[in-house]
Amino acid sequence: MDAKTLIPAAELARANPVRIPNESPEYRAARTALLAEEIELRRRIESVAAQRRALPPGGPVIGDYRFEGPDGPTGLAGLFGDKPTLVVYSYMFGPQRERPCPMCTNLLDAWDSNAADIGQRTALAVVARSPFAKLAAWKRERGWRDLPLYSDLDGAYSRDYLAIGPDGSDLPALHVFTRRDGTIRHFWAEEMTGETADPGQDPRGAPDPSPLWMVLDCTPEGRGTDWYPKLSYGDRP
């Protein structure tokens, strides 16, 4: 995308034909100014995605990582299936937990609905340190159909790829790996942590991988700070 050939965002916003019933001139003026910023944001998101896609080759994967999934034990190469790229999410559901992290679960609820579609383009795996039988039971309870869950059998992958804290606690982690000419390499990881958070904000990536935040960010109340996702609501999981 060549920025020099793009129509200025403010010009596109002024040409926007959308009008909402009973809006005031003040609302329309403010909304047009916001629309210009939204167009710029969309362009920035695409620019960052292009920069991400252009990353040089990452470090080769040299660890002998062992997982257990629905078809038995496998290595990292087995998680790729027939795809050249693999997305791995580290689920905060270690053996010390009776139930998994609600925030991770909220994200994965949405990903399960998209897993079959994602699988057309790239391999996807969700890795946790609990035994596979426990993960499989949770998958059934949650009603997930397409999300591929794997147990990190000895925790080596989780330790090397930043899913265990210094105190042994679970951490969420999102990594992308590539397999080219028989070599598996790390490609990209979500690296926004508490050290990169802006004042007054939870540490979060950009764009955020959860649709929960996209919806709440469209509301006047925003994300809020006095609530947290739940694993169940009343008698419904």
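All figures in this text were calculated on a predicted structure; none of them were measured in a lab. (Residues numbered from 1 in each chain as written. Predicted model: local features only at pLDDT ≥ 70, side-chain atom pairs only at ≥ 80, totals over all residues. Heavy atoms only, no water.)

**Some words on the pattern of salt bridges**
This structure, assessed with the given rule, holds 10 salt bridges. Residue Asp170 pairs with Arg97 through a salt bridge whose shortest N-O separation is 2.8 Å. Of this pair, Asp170 sits in the loop between α6 (156-160) and β6 (173-180) while Arg97 is found in the loop between β3 (85-90) and α4 (102-118), placing the two residues 73 residues apart along the sequence. Measuring nitrogen to oxygen at the nearest pair gives 2.7 Å for the salt bridge that ties Glu141 to Arg99. Placement of Glu141 in helix α5 (residues 132-142) and of Arg99 in the loop between β3 and α4 is noted, with a sequence separation of 42 residues between them. On the basis of relative accessible area, Glu141 is assigned to the partly exposed category, the value being 40%. Judged by relative accessible area, Arg99 falls into the partly exposed class, the value being 38%. Through salt bridges with shared partners, a single ionic network connects Arg97, Arg129 and Asp170. (Salt bridge = Lys/Arg side-chain N within 4 Å of Asp/Glu carboxyl O. Helix = DSSP H or I, 4+ residues; strand = E, 2+ residues; numbered from the N terminus. Buried < 20%, exposed > 50% of the residue type's maximum accessible area, 1.4 Å probe, protein only.)

**Description of the nonpolar core**
Among the nonpolar cores identified, the biggest contains 22 residues, and Tyr89, Tyr91, Leu108, Trp111, Trp144 and Leu147 are the most heavily contacted of them. Of all elements in the fold, only β3, α4, β4 (123-128), α5 and β6 reach the threshold of two or more residues within this core. Looking at which element gives the most residues to this core, the answer is α4, with 5 residues. Residue contacts for Tyr91: discarding those within four places in its chain leaves Pro100, Cys101, Cys104, Thr105, Leu108, Val126, Val127, Ala128, Trp138 and Trp144. (Core = buried A, V, L, I, M, F, W, Y, C linked by side-chain atoms within 4.5 Å. Contact = heavy atoms within 4.5 Å.)

**Focus: the state of the cysteines**
Simply put, the disulfide is a covalent bond whose two ends are the sulfur atoms of two cysteines. Across all of its chains, the model carries 0 disulfides by this definition. With no disulfide of its own, Cys101 has Cys104 as its nearest cysteine by sulfur position, at a separation of 3.7 Å. (Disulfide = S-S within 2.5 Å.)

**Quick look at the side chain of Thr105**
Considering the arrangement of structural elements, one finds Thr105 in helix α4. Given the relative accessible area of 0%, Thr105 is considered buried. Not counting chain neighbours up to four residues away, the residues in contact with Thr105 comprise Tyr91, Pro100, Trp138, Arg142, Trp144 and Leu231.

**Examining unusual backbone geometry**
One non-glycine residue with positive phi stands out, namely Asn22, at about 70 degrees. Inspection of the secondary structure assignment puts Asn22 in the loop between α1 (9-14) and α2 (25-53). With phi around 55 degrees, Asp181 is a residue other than glycine that occupies positive phi space. Along the chain, Asp181 falls in the loop between β6 and β7 (183-189).

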